[in-house]
Amino acid sequence: MSVMSKAALPLVLATGLLAGCATHSDGSAPLNQRTWPLCSLLGGLVGGGLGAIESSSWAAGAGAAGVIAGGLICYAQDGDEDGDGVFDRRDRCPDTPAGTQVDHMGCPLPQYPPVQPKPEPVAAAPEVITLDDQGQVLFAFNSAELNDGARQRLQSLMPKLGDPSVGSVKVIGHTDSVGSDSYNQGLSERRASSVAEYLISQGLAPQKVTSQGRGESEPVADNDTDEGRAHNRRVELHLN
């Protein structure tokens, strides 16, 4: 056997042994880039041992060649250490538990689709019926007592207010700006209450009716004119 063949024999044998150990039949590579120092050590041991078989003078050289060959062989391996089907070179989650479904980068897929928040239900805007002093005076001056015209107007609304599709009727009283805030607040409350009581007396279910006064706080017209103040002196029926 020539000197060249004697020198190459340990290296070929070491390379073959390491390649066989580095790659399993299923394609996985337990000895791979991460473990190349171990591969170099094993390669050195195998190469040195095989070199010594030839001659003690070849042991050191074959061992050095085995170190280099072992490191290169394992560094070239692209294994799948966690067994998720994604090679280690592009596995961004290298320690995925066995059986976990992963994406193309080797990271676990969400177990469940993200829960989308349910949109908040949008309440239907109430229908508003406005009774103001522009069309017909509802109350006498500084009084919460309904006049005859106001009663007739409310009576004409009873079929609509009593319909089963109307779940509630909120009576809201408003005033113009003549007088103090506190006085107008009380007057608006008394007038709203008067309207609610009349509707109940005409057969509207009591549980459907509520009343509230808002004084002069929500004008809909200019209080500096007679016409504007007539609009602001009003009672609103909010139907839901």
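Residues numbered from 1 in each chain as written. Predicted model: local features only at pLDDT ≥ 70, side-chain atom pairs only at ≥ 80, totals over all residues. Heavy atoms only, no water.

J.: Got a sec to walk through the packing of aromatic side chains? Specific residues and values, please.
T.: The relation between two aromatic rings is expressed through the spacing of the ring centres and the mutual angle of the planes. Inspection of every chain in the model, using the stated rule, returns zero aromatic pairs. Note that R190 overlies the ring of Y183, its terminal NZ or CZ placed 5.8 Å from the centroid. (Phe/Tyr/Trp six-rings, centres within 6.5 Å; stacked < 30°, edge-to-face > 60°. Lys NZ or Arg CZ within 6 Å of the ring centre and 35° of its normal.)

J.: I'd like to hear about the nonpolar core, residue by residue, with values.
T.: Ranked by internal contacts, the top residues of the largest apolar core, which has 23 residues, are L154, L161, V169, V171, V195, L199 and L237. Apart from the residues within four sequence positions on either side, L161 is in contact with V166, V169, L199, L204, K208, L237 and L239. (Core = buried A, V, L, I, M, F, W, Y, C linked by side-chain atoms within 4.5 Å. Buried < 20%, exposed > 50% of the residue type's maximum accessible area, 1.4 Å probe, protein only. Contact = heavy atoms within 4.5 Å.)

J.: Requested: an account of the pattern of salt bridges, with residues and values cited.
T.: Summed over all chains, the structure comprises eight salt bridges. Here R151 makes a salt bridge to D148, at a shortest N to O gap of 3.0 Å. Separated by three residues within a single helix, R151 and D148 lie in helix 4 (residues 148–161), roughly one turn from each other. Accessibility expressed as a relative area gives 26% for R151, which makes it partly exposed. When the shortest N-O distance is used, the salt bridge between R233 and D176 registers 2.7 Å. Of this pair, R233 sits in the loop between helix 6 (226–232) and strand 4 (234–239) while D176 sits in the loop between strand 2 (169–174) and helix 5 (181–201), and the two are 57 residues apart along the sequence. In this structure D176 comes out as buried when scored by relative accessible area, which is 7%. Several salt bridges converge on common partners, so that one network encompasses D133, D176 and R233. (Salt bridge = Lys/Arg side-chain N within 4 Å of Asp/Glu carboxyl O. Helix = DSSP H or I, 4+ residues; strand = E, 2+ residues; numbered from the N terminus.)

J.: Run through the packing of helix 4 against helix 5, naming residues and quoting values.
T.: Two quantities define a packed helix pair, namely the angle between the axes and the distance from one axis to the other. Axis separation between helix 4 and helix 5 bottoms out at 10 Å; the angle between their running directions is 60°. Overall, the two elements helix 4 and helix 5 adopt an arrangement that is oblique. Of the two elements, helix 4 crosses helix 5, and the hand of that crossing is right-handed. Residue-level contacts link R151, L154, Q155, M158 and L161 of helix 4 to V195, Y198 and L199 of helix 5. When its residues are assigned to classes, the contact of helix 4 with helix 5 shows six nonpolar, one polar and one charged. (Axes fitted to C-alpha atoms, helices over the stretch in contact; angles between N-to-C directions. Parallel < 35°, antiparallel > 145°, perpendicular 65-115°, else oblique. Left-handed = near helix turned anticlockwise from the far one by under 90°. Nonpolar A, V, L, I, M, F, W, Y, C, P; charged D, E, K, R; others polar.)

J.: How would you summarise the pairing of strand 2 if you had to cite specific residues and measurements?
T.: Among the six residues in strand 2, five count as buried, and that is most of the element. Where strand 2 and strand 3 (residues 209–213) come together, five bridges link them in parallel fashion. Bridge pairing in strand 3 places K170 opposite T210. Taken together, the six bridges between strand 2 and strand 4 define a ladder with antiparallel strand orientation. Within strand 4, the position partnered with K170 by the bridge is H238. (Pairing = 2+ DSSP bridges.)

J.: Could you give an account of the sheet that holds strand 2, naming the residues involved and the relevant values?
T.: On the basis of which strands lie adjacent, the open sheet formed by four strands has the order 1-4-2-3 and mixed pairing. Because the sheet does not close on itself, it has two edges, and the strands there are strand 1 (127–132) and strand 3. Pairwise comparison of adjacent strand axes, ignoring direction, gives a mean angle of 20° for this sheet. Taken strand by strand, helix 4 contacts strand 1, strand 2 and strand 4, and its axis lies near 170° from that of strand 1.

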